[in-house]
Amino acid sequence: MENQIVFNATEISKPGFQAFVEFTPGAVAIFDRNMRHLACSDGWLGEDHVRAIKREEVIGRNYYDVFPEVKAARKDWCEVYQKTLSGESINRIADVFVRDDGEIHWINWKTKPWYDTSGEVGGIVIYSEIITEVHELRRYFEIMNDMLCVANTKGYYTSVNSEFERVLAYTEAELLSRPIYNFVHPEDVEKSKAAMGALSHGVAVTNFSNRLLSKRGEVVWVGWSAVGGPQTQVI
């Protein structure tokens, strides 16, 4: 059974609880059974959510009063919230939301019921994450005719485009599940590791070339440039 979220309803309005939720990472909000905001994180008010709003505009107010476009444009979300109030946890990955002004947001979200100390559903918790930039990057990846990838400093690909798959004849799953150096010609492994080391310390690498090995056994010469950094751990 999924772990239940249990709150003491009388504690939610107290400063200590409010501060705890306020600094919770990401966009999180807690609602009562009438969909009134009881508490929310900073992320719910700012860049992590669909628009920047102030805390005094939210606490105590109904969700649909704060976000009227949801009721008009996303009746399916309204149904989700009702199902959650009945005890169901629901999530969506890469859901699209179009605001009244035409701005498009791609969102990962999850809803979970919370229970009071008597065991009754007291309301719902909504978690959401704006992934528009990531989604647009993925679209950019797929329309490019060049081989594009993202890697981490541990030596694994974390994302590759379809051209990368086509040239090396490996699926994305195969490429992401094995160390990068498994796909590098043995004679080029050491210099490739040196380049990755420079990238992990924030040094840009340009006009680098090495040989990759395709699933078909072919040797593929590639020339590439990359940037990375110790803070992001992404290349």
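Check the entry above for the structure.
Rules and cut-offs
- Residues numbered from 1 in each chain as written.
- Predicted model: local features only at pLDDT ≥ 70, side-chain atom pairs only at ≥ 80, totals over all residues.
- Heavy atoms only, no water.
- Buried < 20%, exposed > 50% of the residue type's maximum accessible area, 1.4 Å probe, protein only.
- Helix = DSSP H or I, 4+ residues; strand = E, 2+ residues; numbered from the N terminus.
- Arc of directions from axis to C-beta.
- Contact = heavy atoms within 4.5 Å.
- 1 Å grid on protein atoms, 1.4 Å probe; cavity = no way out; pocket = protein on both sides within 12 Å on 5 of 7 lines; lining within 4 Å.
- Points joined across faces, edges and corners; volume = space filled by probe spheres on them.
- Nonpolar A, V, L, I, M, F, W, Y, C, P; charged D, E, K, R; others polar.
- Core = buried A, V, L, I, M, F, W, Y, C linked by side-chain atoms within 4.5 Å.

A. Geometry of helix α1 (residues 15-22). Listed in full, the buried residues belonging to α1 are Phe17, Gln18 and Val21. Down the axis of α1, the sector holding all buried residues measures 100°, keeping them to one side. Opposite the buried face of α1, at more than 90 degrees from it, the exposed residues are Pro15, Gly16 and Phe20. The elements touched by buried residues of α1 are β2 (27-32) and β3 (37-40).

B. Molecular detail of the side chain of Glu163. If you trace the backbone, Glu163 turns up in helix α7 (residues 162-168). We classify Glu163 as buried; its relative accessible area is 17%. The residues touching Glu163, leaving out its near neighbours within four places in the chain, are Met144, Asn145, Asp146 and Met147.

C. Focus on unusual backbone geometry. With a phi angle near 65°, Ala169 is a residue other than glycine that sits in the positive phi range. Within the fold, Ala169 resides in the loop between α7 and α8 (172-177). Judged by relative accessible area, which is 25%, Ala169 ranks as partly exposed. Backbone geometry places Asn207, a non-glycine residue, at a positive phi of 55°. One can find Asn207 in strand β9 (residues 205-213). We classify Asn207 as exposed; its relative accessible area is 75%.

D. Summary view of the environment of Thr132. Relative to the helices and strands, Thr132 is located in helix α6 (residues 132-143). Take Thr132: its relative accessible area is 17%, and that puts it in the buried class. Sequence separation of Thr132 and Ala94 is 38 residues, and the distance between their C-alpha atoms is 8.6 Å. Residues contacting Thr132, with those up to four places away along its chain left out, are Ile104, His105 and Trp106.

E. Main features of the layout of surface pockets. By volume, the largest pocket amounts to about 570 Å³. Considering the residues around the largest pocket, the lining is formed by 22 residues, among which Cys149, Phe164, Trp224, Ser225 and Ala226 are closest to the centre. Broken down by secondary-structure element, the contributors of at least two residues to the lining of the largest pocket are β7 (149-151), α9 (189-200), β9 and β10 (219-226). Of the residues forming the lining of the largest pocket, the biggest block, 5 residues, is contributed by β10. Among the residues forming the lining of the largest pocket, the class breakdown is 17 nonpolar, 4 polar and 1 charged.

F. Geometry of the nonpolar core. Counting 25 residues, the largest nonpolar core has Phe31, Met35, Trp44, Tyr63, Trp77, Tyr81 and Ile126 as the members making the most contacts within it. If you list the elements that add at least two residues to this core, you get β2, α2 (42-45), α3 (63-66), α5 (75-85), β4 (90-98), β5 (104-115) and β6 (121-130). With 5 residues, the top contributor of residues to this core is α5. Once residues lying within four places of it in the same chain are set aside, the contact partners of Tyr63 are Phe31, Met35, His37, Trp44, Val70, Trp77, Tyr81 and Ile126. Core analysis: the second largest hydrophobic core is formed by 21 residues, Ala151, Val160, Ile180 and Leu212 among them.

G. Molecular detail of α5. The complete set of buried residues in α5 reads Trp77, Cys78, Val80, Tyr81, Thr84 and Leu85. End-on view of α5: buried residues confined to an arc of 155°, all on one side of the axis. In this structure, the buried side of α5 is in contact with β2, α3, α4 (68-73), β4, β5 and β6. Looking one or two residues beyond α5, the residue adopting positive phi is Gly87, at roughly 105°.

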